[in-house]
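Structural overview for review
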Amino acid sequence: MHNLIITNLCLDDPEAANEGFTSLFIEHEQQSFPLCHFNDKNLQFSTKLKFAEGENLILFTMGPGKISVTGYYEQKIDEDEETANVVEEDEEEIRNSHIIIMD
C-alpha cells in the first residue's frame, strides 16, 4: 500500500494573482474544504498532506489561476518493521554521511 503525500502547492502564473484570489479546495466524502488561497503575496504553500491509498478525493480551484501540485508516494509499512529498519538505516547513514558546504 502507498500513501500520497502532497508537499507543495503553487500558482502557475504569478500574473493571475493580479486578477484576484485563486483558491484550492479538496472534496472528500462529498464535502469541500479550502486548502489555501493564492494572491500576490502568497504564490506558494509548503505542506505535508497525507492521503491513504484508495481514498477518493478531488482537488479543484476557484479563481483565475491554475495551481501546480507536487508530492510523492510513500510506501506504507508495518510499524514494527519500520522501527527496526530506521535504526539500521540511521546507523548506516552515520557511517556513510558526508557534509558539503556551498557558498
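Residues numbered from 1 in each chain as written. Predicted model: local features only at pLDDT ≥ 70, side-chain atom pairs only at ≥ 80, totals over all residues. Heavy atoms only, no water.

1. Observations concerning the overall build of the chain
How we decide: A helix here means a DSSP run of H or I that spans at least four residues, while a strand means a run of E at least two residues long, and both kinds are numbered starting from the N terminus. Three labels apply to residues, based on accessible area from a 1.4 Å probe with only protein chains included: buried if under 20% of the type maximum, exposed if over 50%, partly exposed otherwise in between. What makes two residues a contact is simply this: any of their non-hydrogen atoms within 4.5 Å. Working definition of accessibility: Shrake-Rupley area with a 1.4 Å probe, residue cover restricted to the visible protein chains.
Along its length, the chain carries one helix and six strands. Counting all 103 residues of the chain, 18% fall into the buried class. At a minimum sequence separation of 6, the contacts of the chain that also span at least 24 residues come to 78%. Summing over all exposed atoms, the chain offers an accessible surface of approximately 8200 Å²; the carbon and sulfur share of this is 50%.

2. Focus on the packing of aromatic side chains
Keep this limit in mind: In this analysis, rings of Phe, Tyr and Trp, with Trp reduced to its six-membered ring, are considered paired at centre separations within 6.5 Å, and the interplanar angle assigns stacked below 30 degrees, edge-to-face beyond 60, and tilted for intermediate values.
The final tally for this structure, using the stated rule, is two aromatic pairs. Measuring from centroid to centroid gives 5.3 Å for Phe25 and Phe60, while their planes differ by 10°, and the two rings are stacked. You can see Phe25 sitting in strand 2 (residues 22–28) and its partner Phe60 sitting in strand 5 (residues 57–62), a full 35 residues away along the chain. A residue is classified by how much of its surface remains accessible, and Phe25, at 15% relative accessible area, is buried. For Phe60, a relative accessible area of 27% puts it in the partly exposed group.

3. Concerning the sheet that holds strand 6 (residues 67–75)
Cut-off, in case you're wondering: Any two strands are treated as partners once DSSP identifies two or more bridges connecting them. Axis lines are fitted through C-alpha atoms, for helices just across the contact stretch, and the angle between N-to-C directions can take any value from 0 to 180 degrees.
Within the open sheet, the three strands sit side by side as 4-1-6. Their pairing is antiparallel. Edge positions in the sheet fall to strand 4 (44–52) and strand 6, since each of these pairs with one other strand and no more. Each adjacent strand pair in this sheet contributes to an overall mean axis angle of 20°, direction not counted. For strand 1 (residues 2–11) and strand 6, the ladder comprises nine bridges, and the chain directions are antiparallel. Across the sheet, residue Ile6 finds its bridge partner in strand 6, namely Gly71.

4. Some points on a nonpolar patch on the surface
Note the threshold: Exposure above 30% relative accessible area and the absence of a salt bridge qualify a residue for a patch, where like charges join within 9 Å and nonpolar side chains (Val, Leu, Ile, Met, Phe, Trp, Tyr) within 5 Å. We define a salt bridge as a side-chain nitrogen of Lys or Arg found within 4 Å of a carboxyl oxygen belonging to Asp or Glu.
Together, Leu35, Leu59 and Val69 give the surface a local cluster of nonpolar side chains, amounting to about 190 Å² of exposed area. In this structure, Leu35 sits in strand 3 (residues 31–38). Residue class for Leu35 comes out partly exposed when judged on its relative accessible area of 31%.

5. Things to note about unusual backbone geometry
A positive phi angle, near 55°, is found at Glu29, a position not held by glycine. Note that Glu29 resides in the loop between strand 2 and strand 3. Glu29 sits in the exposed class, given a relative accessible area of 67%. Positive phi, close to 65°, is recorded for Gln30, a residue that is not glycine. Mapped onto the secondary structure, Gln30 falls in the loop between strand 2 and strand 3.

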